[in-house]
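Given next are the chains, with one letter for each unit.
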Amino acid sequence: MFVCLCKGITESRVREFGRSGIVTPYEIASALGIDDESCCGRCMGNIESFVSLAISAWNTAVTCPTQDHDCRK
Ligand code: FES
């Protein structure tokens, strides 16, 4: 599903960013390239949804082989 029509960005692309550790609103907007003048900015209203998608992908991507601590801290 497309989350940004101007840039043709899909939900799965946002999840890829999340798996690579891009999870804050600023990082996501910058990585998506929705901060330049060619964008309408409509999808920025959904930035919290983008963050949720990215964080859920990030949480599933981070696995510690020892399983005895949280590697994200
Ligand atoms: S829909 Fe994303 S910038 Fe226009």
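All of these numbers come straight from a predicted model, not from anything done at the bench.

Draft legend 1. Inspection of the overall build of the protein at higher detail. On a plain count of helices and strands, the protein comes out with 3 helices and 2 strands. Buried residues in the protein amount to 29% of all 73 residues. Accessible surface computed for the protein: about 4800 Å², of which carbon and sulfur atoms make up 53%.

Draft legend 2. Representation of the pattern of salt bridges. If you walk through the whole model with that rule in mind, you get 2 salt bridges. Among the salt bridges present, the one from Arg-15 reaches Glu-11, with a minimum N-O distance of 2.8 Å. Of the two residues, Arg-15 and Glu-11 both sit in helix 1 (residues 11-19), 4 residues apart, roughly one turn of that helix. The salt bridge partner of Glu-16 is Arg-13, with a shortest N-O separation of 2.8 Å.

Draft legend 3. Representation of the packing of helix 1 against helix 3 (residues 47-61). As a packed pair, helix 1 and helix 3 sit with axes 7 Å apart at the nearest point and diverge in direction by 50°. Relative to helix 3, the element helix 1 lies oblique. For the crossing formed where helix 1 meets helix 3, the hand is right-handed. Across the interface between the two elements, Glu-11, Val-14, Arg-15, Gly-18 and Arg-19 of helix 1 pack against Phe-50, Leu-53, Ala-54, Ser-56, Ala-57, Trp-58 and Ala-61 of helix 3.

Draft legend 4. Geometry of helix 1. Buried within helix 1 are the following residues: Val-14, Phe-17 and Gly-18. Looking down the long axis of helix 1, one finds its buried residues gathered within 100° of arc, a one-sided arrangement. Buried residues in helix 1 make contact with strand 1 (2-4), strand 2 (9-10), helix 2 (25-32) and helix 3. Two residues or fewer after helix 1 comes Gly-21, characterised by a positive phi angle close to 95°.

Draft legend 5. Spatial organisation of the nonpolar core. Counting residues in each nonpolar core, the largest one holds 17 residues, and the members touching the most others are Ile-9, Val-14, Ile-28, Leu-32, Ile-34 and Phe-50. Elements with a contribution of two residues or more to this core: strand 1, helix 1, helix 2 and helix 3. With 5 residues, helix 3 is the single largest residue contributor to this core. In this view, Ile-34 contacts Cys-4, Lys-7, Ile-9, Ala-29, Cys-39, Cys-43, Met-44 and Phe-50; residues no more than four positions away in its chain are not counted.

Basis of the calculations
Residues numbered from 1 in each chain as written. Predicted model: local features only at pLDDT ≥ 70, side-chain atom pairs only at ≥ 80, totals over all residues. Heavy atoms only, no water. Helix = DSSP H or I, 4+ residues; strand = E, 2+ residues; numbered from the N terminus. Buried < 20%, exposed > 50% of the residue type's maximum accessible area, 1.4 Å probe, protein only. Areas by Shrake-Rupley, 256 points an atom, 1.4 Å probe, with all protein chains shown as cover. Salt bridge = Lys/Arg side-chain N within 4 Å of Asp/Glu carboxyl O. Axes fitted to C-alpha atoms, helices over the stretch in contact; angles between N-to-C directions. Parallel < 35°, antiparallel > 145°, perpendicular 65-115°, else oblique. Left-handed = near helix turned anticlockwise from the far one by under 90°. Contact = heavy atoms within 4.5 Å. Arc of directions from axis to C-beta. Core = buried A, V, L, I, M, F, W, Y, C linked by side-chain atoms within 4.5 Å.

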